[in-house]
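Topology and contacts: notes
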Amino acid sequence: MKEVTYLAPVERPRMDRDQIEALCTDLGPHAAEDVVCRAMEELAHRLCLIEEKARRGTREELYKNLRVLAAIADQIGLASLSHVAHDVMACIELGDLVAEAATLARLARTGERSLIDIWETDAFSI
């Protein structure tokens, strides 16, 4: 083996636009946009916390932050992000450190792409 192949997976997260539309219907477009923006800030913060807890925290702290991240992602329709967070929680429950590391890497990719996608959405256009 003389060649090394670098794999660069690209995540294409799913966004539940119906959830954003429901927020717009329930709260109005301006309030819904405010809720989504605050949720995005919290998701970015949680993703950083999760990375830190994975390196230096306890499994309980990591699990707690994953659970909160999944709930926030569900609230604003980031279905893939929530799903991957649940996958990491399953790895923790099973004690599979290799799968946990791989799934945490996927969570970081999915989180980044999800935040970009929701930022670029035009669901709040009036």
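Residues numbered from 1 in each chain as written. Predicted model: local features only at pLDDT ≥ 70, side-chain atom pairs only at ≥ 80, totals over all residues. Heavy atoms only, no water.

Thoughts on the overall build of the protein
Rule in force here: Helix and strand assignments follow DSSP, with helices taken as H or I runs no shorter than four residues and strands as E runs no shorter than two, numbered in order from the N terminus. Relative accessible area decides the class of each residue, using a 1.4 Å probe on protein chains only: under 20% of the type maximum gives buried, over 50% gives exposed, and in between gives partly exposed. In this description, contact between two residues means that some pair of their heavy atoms is separated by no more than 4.5 Å. Shrake-Rupley sampling with a 1.4 Å probe provides the accessible areas, and residues are treated as covered by the protein chains on show and by no other component. Counted as positive: Lys and Arg. Counted as negative: Asp and Glu. His and the chain ends are not counted at all. By convention, the charge on Lys lies at NZ, on Arg at CZ, on Asp at CG and on Glu at CD.
Secondary structure summary: the protein contains five helices and zero strands in total. Starting at the N terminus and ending at the C terminus, the protein contains elements arranged as α-α-α-α-α. Sorting the 126 residues of the protein into buried and exposed places 35% on the buried side. When contacts within the protein are restricted to residue pairs at least 6 apart in sequence, those whose partners lie at least 24 apart make up 65%. In the structure as shown, the protein presents an accessible area of about 8,000 Å², 54% of it carried by carbon and sulfur atoms. Distance between charge centres in the protein, computed from 15 positive and 23 negative side chains, equals 6 Å.

Thoughts on the pattern of salt bridges
Selection criterion: Salt bridge, as used here: a side-chain nitrogen of Lys or Arg that lies within 4 Å of a carboxyl oxygen of Asp or Glu.
A full pass over the atoms with the stated rule returns eight salt bridges. Its salt-bridge partner being E61, residue K53 comes within 3.8 Å of it at the nearest N-O pair. E61 sits in the partly exposed class, given a relative accessible area of 31%. Several salt bridges converge on common partners, so that one network encompasses E51, E52, R55 and R56.

Focus: the packing of helix α3 (residues 59-75) against helix α4 (residues 79-94)
To keep it simple, the criterion reads: An axis is simply a line fitted to the C-alpha atoms; with a helix, the fit covers only the stretch in contact. Between two such axes, the angle follows the N-to-C directions and lies from 0 to 180 degrees. Geometric relationships in this document are graded by angle, where less than 35 degrees denotes roughly parallel, more than 145 denotes roughly antiparallel, 65 to 115 denotes roughly perpendicular, and other angles denote oblique. Helix crossings fall into two classes, left-handed where the near helix is turned counterclockwise from the far one by less than a right angle and right-handed where it is turned clockwise. Note on residue classes: Ala, Val, Leu, Ile, Met, Phe, Trp, Tyr, Cys and Pro are nonpolar, Asp, Glu, Lys and Arg are charged, and everything else, Gly too, is polar.
Across the interface, α3 lies against α4 with an axial gap of 8 Å and an inter-helix angle of 160°. Taken together, the axes of α3 and α4 lie roughly antiparallel to each other. Pair α3 / α4 crosses with left-handed handedness. Facing R59, L62, Y63, L66, R67, L69, A70, A73 and D74 of α3, the residues of α4 in contact are L81, S82, A85, H86, V88, M89, I92 and E93. Taken together, the residues of the contact of α3 with α4 break down into 11 nonpolar, two polar and four charged.

Describing helix α1 (residues 17-27)
Threshold: This arc is taken over the directions from the axis of the helix to the C-beta atoms. Definition of a polar contact: a pair of N or O atoms within 3.5 Å, with one able to donate and the other able to accept a hydrogen when the atoms are protein atoms, and with sequence-neighbouring residues admitted only if both atoms are side-chain atoms.
Within the span of α1, buried status applies to I20, L23 and C24. Projection of α1 onto a plane perpendicular to its axis shows the buried side chains occupying an angular sector of 100°, all on one side. Facing away from the buried surface of α1 by more than 90 degrees, the exposed residues are D18, T25 and D26. Structurally, α1 contributes buried residues whose contacts are with α2 (29-56), α3 and α5 (97-119). The residue sitting at the N-terminus of α1 and contributing the capping side-chain oxygen is D16; that oxygen lies 3.1 Å from the backbone nitrogen of D18. Count one or two residues on from α1 and you reach G28, which has phi positive near 90°.

Describing the environment of E42
As for its position among the elements, E42 is in helix α2. Measuring from C-alpha to C-alpha, the distance between E42 and V68 comes to 9.6 Å, with 26 residues separating the pair along the chain.

Let's talk about the nonpolar core
Put simply, the test is: Buried residues of nine kinds, namely Ala, Val, Leu, Ile, Met, Phe, Trp, Tyr and Cys, make up a nonpolar core once their side-chain atoms join them within 4.5 Å.
Within the largest apolar cluster, 28 residues are counted, with the highest numbers of intra-cluster contacts made by L43, L66, L69, I76 and L107. Elements with a contribution of two residues or more to this core: α1, α2, α3, α4 and α5. Among the elements that take part in this core, α2 stands out by supplying seven residues, more than any other.

Points about α3
Using the following cut-off: A helix is expected to reach a length of 1.5 Å times the quantity of its residues less one.
Here α3 is 17 residues long and its end C-alpha atoms lie 24 Å apart, about the 24 Å a rise of 1.5 Å per residue gives. Against α2, α4 and α5 lie the buried residues of α3. A positive phi of about 85° marks G77, the residue just after α3.

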